[in-house]
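# A look at the structure
The chain contents come next:
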Amino acid sequence: MHVLQAAYGSSSSQWSEFYRQEVIYGDKPPGPYFATGEDIRKLEPYLEQGMFFLMTLPLGGEGGVLKFGTAAKGTRVLAIVPKGAGPLGQWGETRLANVLENAGLKPAKPFMTTDGPRYVDRLVNGIAHEAKAGVDVGLTSSIQRQILKDVELIETGVIEGAHWHFFQGADAELLQELTKRGIGYTVHP
Amino acid sequence: MDFEFFAQLSRDEAESFLKDFLTAESEAMEGMLKHARAEGLRLTLGVNSIRPLFEWIIKKVQSSPIKPDATLPRWLTTSESYERGLFAFDEASKIFVLRGAYFWGASFVKEYPQLSWKVGDDETALQNMPVVEGFCKNVEMPPMLIAENLLRRIHGRNAPVEIVDTAVEAWIAKI
């Protein structure tokens, strides 16, 4: 028997894996998994059979008291913890740690640097991907500032790295500057 | 880091996440330091211990390959930077990352009284994340993000562990 704790997450593929394991083995899952709202609906028949509890505990819990109930459709996230586990300790940490790693997104808001905000085109597995569609993009002062902002974010660990993409060419000077600063790039044909 | 998760939190939920993070990790810290001591590494909370701790953690973390995300554009997924990042820490390793993150932030807060934990600024990509404030130009330090990124670079991209020193020094320079 397991408790599903409303928390966070979005990986339907991981959920599918859990789903199969539960159905086939009826055994405890080897770790935390996550589900989207759609996947939660797949779980409903099993809820009726009493195989699971869905816990709608808000983030942070309430003094370690577990609340049980069914998740409403559209509930964002589930993480699985053993029945009876408190909100903190190893399982609590597991829940917290599940916010690590992410497939990728286009951040709507900037990273702040000492030289102002840096808007990232795409952030995937910690790498900030910068897309440049101009013709033979050169090393202008504006571009130089962008590079230095990326360097600051990399050096401070706020991003794992940066990779620039040029779709209509780039000046050799700019490419040399990126190389010098440890930023990867691709000049797409 | 799951930025979307944090973006969807209400301010109360974000405060609750921060509280949980600080409570859980401060409680777990002694156990981790004891574990390290048993393996010959004596650490006390402080910025000088961050690099040795990360060196110790990097020997513990394990990862497994992940498949490329088919929903991403091809121009992005064909880059070397993307391909080399196709791995994920296992669950036990994520706990180490989390503890490294707490140690990172708590070390700065302990040594520099002007720094403190808070929830990340709503107007930035760090919104609702646990961050440390008090740096110049209102730049916020996100220890969870930093620990994850540095450990990923060392583990998966063969970066030298000295990048931890570089990051620590860069943050000290912002105080």
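Residues numbered from 1 in each chain as written. Chains lettered and ligands numbered in written order. Predicted model: local features only at pLDDT ≥ 70, side-chain atom pairs only at ≥ 80, totals over all residues. Heavy atoms only, no water.

### Structural notes on the overall build of chain B
Of regular secondary structure, chain B possesses eight helices and four strands. What you see for chain B is a C-alpha radius of gyration of 17 Å, in line with the 16 Å of a compact globule of 175 residues. Reported as C-alpha extents along the three principal axes, the dimensions of chain B are approximately 45 × 40 × 30 Å. Burial status across chain B gives 57% buried among its 175 residues. When contacts within chain B are restricted to residue pairs at least 6 apart in sequence, long-range pairs at least 24 apart make up 62% of them. Carbon and sulfur atoms form 48% of the exposed surface of chain B, whose accessible area is close to 7500 Å². On chain B, the mean spot of the 20 positive side-chain charges and the mean spot of the 26 negative ones are 7 Å from each other. (Helix = DSSP H or I, 4+ residues; strand = E, 2+ residues; numbered from the N terminus. Rg over C-alpha atoms; globule rule 2.2 N^0.38 Å. Buried < 20%, exposed > 50% of the residue type's maximum accessible area, 1.4 Å probe, protein only. Contact = heavy atoms within 4.5 Å. Areas by Shrake-Rupley, 256 points an atom, 1.4 Å probe, with all protein chains shown as cover. Lys, Arg positive; Asp, Glu negative; His and termini not counted. Charge placed at Lys NZ, Arg CZ, Asp CG, Glu CD.)

### Remarks on the overall build of chain A
Helix and strand content of chain A: five helices and nine strands. Its helices and strands in sequence order give chain A the pattern β-α-α-β-β-α-β-β-β-β-α-β-α-β, from N to C terminus. Split into buried and exposed, the 189 residues of chain A put 52% on the buried side. Taking the intrachain contacts of chain A between residues at least 6 apart in sequence as the baseline, contacts between residues at least 24 apart amount to 60%. Within the structure as shown, chain A displays about 8300 Å² of accessible surface, and the carbon and sulfur contribution to it stands at 52%.

### Here we look at the nonpolar core
Nonpolar side chains in soluble globular proteins generally cluster together in the buried interior. Counting residues in hydrophobic clusters, the biggest one holds 80 residues, and the most contacted among them are F111 of chain A together with F3, I50, W104, F108, V164 and W171 of chain B. The greatest single-element share of this core, amounting to nine residues, is contributed by helix α6 (residues 91-111) of chain B. The residues touching V164 of chain B, leaving out its near neighbours within four places in the chain, are I50, R51, F54, W104, L150 and I154 of chain B. Counting five residues, the second-largest nonpolar core is a separate cluster that includes V124 of chain A together with L72, Y82 and L86 of chain B. (Core = buried A, V, L, I, M, F, W, Y, C linked by side-chain atoms within 4.5 Å.)

### Let's talk about unusual backbone geometry
All names here are of chain A. Positive phi, normally seen in glycine, also occurs at N125, with a value near 50°. Tracing the sequence through the fold places N125 in the loop between β6 (122-124) and β7 (127-137). With a phi close to 45°, D136 is a non-glycine residue in the positive phi region. Along the chain, the position of D136 falls in strand β7. The class of D136 is partly exposed, set by a relative accessible area of 46%.

### Points about the confidence of the model for chain B
Per-chain confidence: chain B averages 93 in pLDDT, with 100% of residues scoring 70 or above. Among the scores for the predicted complex, ipTM is 0.96 and pTM is 0.76. (pLDDT = per-residue confidence, 0-100.)

### A few points about the environment of F103 of chain B
By the element assignment, F103 of chain B lies in helix α6. Separated by 50 residues in the primary sequence, F103 of chain B and L53 of chain B have C-alpha atoms spaced 8.6 Å apart.

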